[in-house]
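Residue-level structural notes
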Amino acid sequence: MPVKILHFSDPHFDLSLRTIPLRKWFGKRAVGALNLLGGRGRYFDNADEKIRALTRFKASQSVDLLLCTGDYTALGLKAELENAAELIAPLARPPERYITVAGNHDVYSTDVILGDHFREYFGRYMHTDWPEYAVDDGWPFIRLFDEADLAVIGINSAKPNPLPWRSDGHIPPVQLEALERILDDPRLSDRWIFVITHYAARLADGRPDRPNHGLRNADEFLRVCRKISRGAILNGHIHRCYVTPLADEGLQIDQYCAGSVSMEGREGFWLFDLTPETMRVRRGVYDPAEAAYRLVECAEEN
């Protein structure tokens, strides 16, 4: 019986701007709030309804494990993170079968980092089975699932970007060094390996993202991932579902961007059916008429 693993990203739950304290309306958040007022926010108006639809899909398909690559919020407010954690809780049951990393919107400004607010609300989904490798405040973490010979490795690529025109990511070198040691660990021999992080190393056409929006050290990250013989790199950040073959980069695996599970007109996710020997991948799309998700083969268009 295959193990079913669902990868989604970027729900972008947001609260009414009226709930934002005046003292928070400065710097990067002011620009983000103006973007929401300018119309960006309306694409995510029904994010909570779509997460409820995803919860129903999970039950109907008997999904075994959920992976989220971040961006639960719009402006990274503590109240938003608390609200997102409440909305995600029914989907994330049991918590040991839900794994997440942060997105750039979840660490939108320095106050979120200083208060460690993301870990306060989502830390229960980020523990590790091998603490000896968690060298950077809990990163990277690794979770093992023996029923599918699977290892999930979480890498943090999200950081605050105080400048309004920047939303780029970066993986700290200490995490890349730890990732390399993890991939050399003989206990991972013959396992499927899923590396999850928020930022995409490559766009759908194989090009790097632009410097002020993408993963700054994507080349170094891909170099380390050449050690993976079977599995996938999973990410979000770019609000479109796509898969990028990485053979031209010297890798034996592909990158799967889950886009956004809730953005109007672009809703999507990936479903992996894993056995110890095989991996089947299908894409989830949203049917607004039915308020439900359905599966399509990778070649079928949304």
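Residues numbered from 1 in each chain as written. Predicted model: local features only at pLDDT ≥ 70, side-chain atom pairs only at ≥ 80, totals over all residues. Heavy atoms only, no water.

Considerations on the pairing of strand β2 (residues 65-68)
If a strand is regular, its side chains alternate between the two faces of the sheet. The condition that has to hold: Throughout this description, buried means an accessible area under 20% of the type-specific maximum (1.4 Å probe, protein chains only), exposed means over 50%, and partly exposed covers the range between. The secondary structure listing takes helices from DSSP runs of H or I that are at least 4 residues long and strands from runs of E that are at least 2 residues long, numbered from the N terminus. In short, DSSP must find at least two bridges between two strands for them to pair. The handedness of a crossover follows from its direction of travel: if, with the strands pointing away from the viewer, the path from the first strand over the helix to the second runs clockwise, the crossover is right-handed.
Side chains L65 and L67 project from β2 onto one buried face, and the interleaved L66 and C68 project onto a second face that is buried too. Sheet topology note: the strand β1 (residues 3-8)/β2 ladder contains four bridges and is parallel. By the bridge assignment for β2, I5 is matched with L65. Alignment of β2 against strand β3 (residues 98-100), held across three bridges, turns out to be parallel. Each residue of the ladder has a partner; that of L67, found in β3, is I99. On the question of chirality, the crossover connecting β2 to the parallel β3 by way of helix α3 (residues 78-88) is right-handed.

Looking at the environment of P172
For the record, the criterion: By definition, residues are in contact when any of their heavy atoms lie within 4.5 Å.
Looking at the element boundaries, P172 is found in the loop between β5 (150-154) and α6 (173-184). Take P172: its relative accessible area is 23%, and that puts it in the partly exposed class. With 14 residues separating them along the chain, P172 and A158 place their C-alpha atoms 9.8 Å apart. Not counting the four nearest positions on each side in its chain, P172 is found in contact with D136 and N156.

All quantities given are derived from atomic positions and should not be read as evidence of function.
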